[in-house]
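Understanding the architecture of this molecule
Residue strings, one per chain:
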Amino acid sequence: KEFMAALEIDPKYAEAENNLGTLYSLKGRKSEAVALFQKAADDDPKYARAHINWGLVLAGEKQYEEAENQFRQAIAISSNSTEAYTALGMAEGKQGRHQEAIEIFRKVLELQPNSADGHLNLGIALADSYDLQGAKEQFSDAVRLDPKSALAHYNRGRILYDTGRRDQALAEAQAAYHLSPDDTSI
């Protein structure tokens, strides 16, 4: 109601359009969300957030090339947006372009060297390209930066298992379980 009221006062209020689009997206009203993100981007050409959210909805619908275009537009507007780079890297990975994803996640770490999530994402991209040693290093950095990250422990454990270090892998799996016992994805 508040966002709609704001848009009644100013029909070109990009932040309200974006926020309303986000709510619509969460409610599964994807086409309405995309229309609002597009309108926000048109109404404020320097509003990178609208492009990121637009791309996230497209990526959620497996429209990765279109999502990639939105993420690249967000980066053109805000060249230091780690969120836009992260989303772009994930879209590249989903399209099987692992080397591109690796380069993008390295850029994220240039911008935020102490980002546990950045190291985790780079590790996943490296593992997808079969660089297990590089992946282990990134997962280890992620664990060092965020010892309470169940995903970091889980992924480090996967790599340790794949490289024959079963006892260490078990310890990482147990750490992941203890940190997030209800998460069935790990």
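Up top is the structure.
The text that follows walks through the structure, step by step, so that each part is easy to find. (Residues numbered from 1 in each chain as written. Predicted model: local features only at pLDDT ≥ 70, side-chain atom pairs only at ≥ 80, totals over all residues. Heavy atoms only, no water.)

The next point concerns the packing of aromatic side chains. By the definition in use, this model includes zero aromatic pairs. A cation over an aromatic ring shows up here: R29 above the ring of Y24, its NZ or CZ 4.0 Å from the ring centre. Its end group placed over the ring of Y161, R166 keeps NZ or CZ at 4.0 Å from the ring centre. (Phe/Tyr/Trp six-rings, centres within 6.5 Å; stacked < 30°, edge-to-face > 60°. Lys NZ or Arg CZ within 6 Å of the ring centre and 35° of its normal.)

Roughly 310 Å³ of internal volume is contained in the largest pocket. Lining the largest pocket are 17 residues, with G89, M90, A91, K94 and F105 positioned closest to its centre. Of all the elements in the fold, those that place two or more residues in the lining of the largest pocket are α4 (48-60), α5 (64-77), α6 (82-94), α7 (98-111) and α8 (116-128). In terms of residue count, the dominant contributor to the lining of the largest pocket is α6 (six residues). The residue inventory of the lining of the largest pocket, partitioned by class, reads 11 nonpolar, four polar and two charged. (1 Å grid on protein atoms, 1.4 Å probe; cavity = no way out; pocket = protein on both sides within 12 Å on 5 of 7 lines; lining within 4 Å. Points joined across faces, edges and corners; volume = space filled by probe spheres on them. Helix = DSSP H or I, 4+ residues; strand = E, 2+ residues; numbered from the N terminus. Nonpolar A, V, L, I, M, F, W, Y, C, P; charged D, E, K, R; others polar.)

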